[in-house]
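Residues per chain, in single letters:
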Amino acid sequence: MRSRTGDGQDDAPSDEVIALHPAESGMQLGRALLHALHNAGISVLYQDREMKTVWARNMRAPWVSDSADGNGILPAAQADRIGAAKRDVIASGKPQRLEISVPVEEGIRWFQVWIDADHGDGGSVQGVVTTMVETTEQKRREQTLTTLLREVSHRSKNLLAIIQSIATQTGRYSDNIGDFLTRFRGRLQSLASSQDLVTSSNWRGAALRELVSGQVGRYGADPVRSLRFQGANPYLNPNAALHIGLAMHELAVNSVSYGALSRPDGFVEVTANLTAADAGTSLSLTWVEAIGANDNQRSRKRFGSVALERVVPASLNGTATLEIMPGRLEYRLVVPHGNFETE
């Protein structure tokens, strides 16, 4: 604003705020605070030394009731906690802070409760101010984060155990360090590919067709031509996805080296069938490919066959057979219910 001096000249602009009338200022401040309490979901209660309610603002369930103690419809144990804390504040003049849980139909609601003493001019406590803020969503986020961290820790340990097993078995069946590194890197890349699918699904798992296509596609020049997948497409849990992905990797590597995928027109057939039984639905996964009649490389007991016949089925509580016949290789893995979902 600009004002005139006695000589009729304008003063320079001023940043000074013109004070409002005390009553008007108090009314505006009160309205502003009420809006703030409402928008923030904060409840405030003032009580005298005898614990009688003097005033309350923005009181909501579970604090609202006909009772005069301001404890609303809280469970008796929680109401007693708050009442004892208020009496302590009145006696000592020192504030207290509580965390309150209230059972409801949907679960549990959580609140932070602050209890402060209202000191008079002489310093004596003339009442208590109780501030209540709901923290249910924050609590749920904390609980969810804790659960996720535990799940990540659990799955990380499982993944490390798988890697350790792969390293041990690869070393046992490798001729030299170069052979070991080549095989070990390929198996780690297979795990990483399967793990990407698991992670992208928020740790739910991976669809079988996508998993098989991803593993074969890493070695086949044209996955659409080199893989013929038919049958069911269940959703594998994370553990099943990692181990079945490892099996598909071993089969694909062997096929590229010695089998059908080593030929320009070669392809593999993968069939998935669901079979109902008393113990629940089981998944039967079959890999079939044509191989050379004089292929002796496949008869060697390297880690590939050990993983296919022992490691993978044992990790899934299933069974497996690997048959190498003149002109044909067939691998059949039976996975019991609990490793996958059908819907």
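In the block above lies the structure referred to throughout.
Quick notes on the rules
- Residues numbered from 1 in each chain as written.
- Predicted model: local features only at pLDDT ≥ 70, side-chain atom pairs only at ≥ 80, totals over all residues.
- Heavy atoms only, no water.
- Buried < 20%, exposed > 50% of the residue type's maximum accessible area, 1.4 Å probe, protein only.
- Helix = DSSP H or I, 4+ residues; strand = E, 2+ residues; numbered from the N terminus.
- Pairing = 2+ DSSP bridges.
- Axes fitted to C-alpha atoms, helices over the stretch in contact; angles between N-to-C directions.
- Contact = heavy atoms within 4.5 Å.
- Parallel < 35°, antiparallel > 145°, perpendicular 65-115°, else oblique.
- Left-handed = near helix turned anticlockwise from the far one by under 90°.
- Nonpolar A, V, L, I, M, F, W, Y, C, P; charged D, E, K, R; others polar.
- Expected span 1.5 Å × (residues − 1).
- Phe/Tyr/Trp six-rings, centres within 6.5 Å; stacked < 30°, edge-to-face > 60°.
- Lys NZ or Arg CZ within 6 Å of the ring centre and 35° of its normal.
- Salt bridge = Lys/Arg side-chain N within 4 Å of Asp/Glu carboxyl O.

J.: Pulling in residues and values, what's your account of the pairing of strand β1 (residues 42-48)?
T.: The element β1 is extensively covered by neighbouring structure, given that 5 of its 7 residues are classed as buried. The antiparallel hairpin formed by β1 and strand β2 (residues 53-57) contains 4 residues in its connecting segment, where M51 sits at a positive phi of about 70 degrees.

J.: How would you sum up the sheet that holds β1? Please name residues and give values.
T.: Taking strand neighbours across the sheet as the criterion, the 5 strands line up as β2-β1-β5-β4-β3 in an open arrangement whose pairing is antiparallel. Each edge of the open sheet is held by one strand with a lone partner, namely β2 and β3 (96-104). On average, each strand axis in the sheet is inclined to that of its neighbour by 20 degrees, with strand direction left out of account. Relative to β2, β1 is paired through 4 bridges, and the arrangement is antiparallel. Bridging across to β2, L45 finds its partner in A56. The strands touched by helix α3 (residues 136-172) within the sheet are β3, β4 (107-119) and β5 (125-134), with β4 carrying the most contacts at an inclination of about 125 degrees.

J.: Tell me about the packing of helix α4 (residues 177-200) against helix α5 (residues 208-217), and name the residues and values.
T.: Contact geometry of α4 with α5 gives a least axis separation of 10 Å together with a crossing angle of 150 degrees. As the angle between them shows, α4 and α5 are arranged roughly antiparallel. Every pair of crossing elements has a handedness; the one defined by α4 and α5 is right-handed. In contact with S190, S193, S194 and L197 of α4, α5 contributes E210, L211 and Q215. Residues belonging to the contact of α4 with α5 are distributed by class as follows: 2 nonpolar, 4 polar and 1 charged.

J.: Talk me through helix α7 (residues 238-258); I want residue IDs and the actual numbers.
T.: Residues spaced three or four apart along an α-helix face the same direction, because each turn holds 3.6 residues. With 21 residues, α7 should cover 30 Å at 1.5 Å per step; its first-to-last C-alpha distance of 30 Å lies within 8% of that length. Across the 21 residues of α7, 15 count as buried, placing the element largely inside the fold.

J.: Please provide a residue-by-residue account of the packing of aromatic side chains, values included.
T.: Per the stated rule, a full pass over the model turns up 2 aromatic pairs. On the basis of an interplanar angle of 10 degrees and a centroid distance of 5.3 Å, the ring pair of F180 and F184 is categorised as stacked. With F180 and F184 both in helix α4 and 4 residues apart, the pair spans about one turn of that helix. Comparing F180 with F184 shows no difference in burial state: the two are buried. Positioned over the ring face of Y235 is R204, at 3.9 Å from the centre of the ring.

J.: Just give me the short version of the pattern of salt bridges, but keep the residues and values in it.
T.: Applying the stated criterion to the full structure yields 7 salt bridges. Ionic pairing is found between E99 and K139, a salt bridge with its closest N-O pair at 3.1 Å. One end of the pair, E99, is in strand β3; the other, K139, is in helix α3, with 40 residues separating them in the sequence. Owing to a relative accessible area of 17%, K139 belongs among the buried residues under this scheme. In this structure, E330 and R328 form a salt bridge, with 2.7 Å as the shortest nitrogen-oxygen distance.

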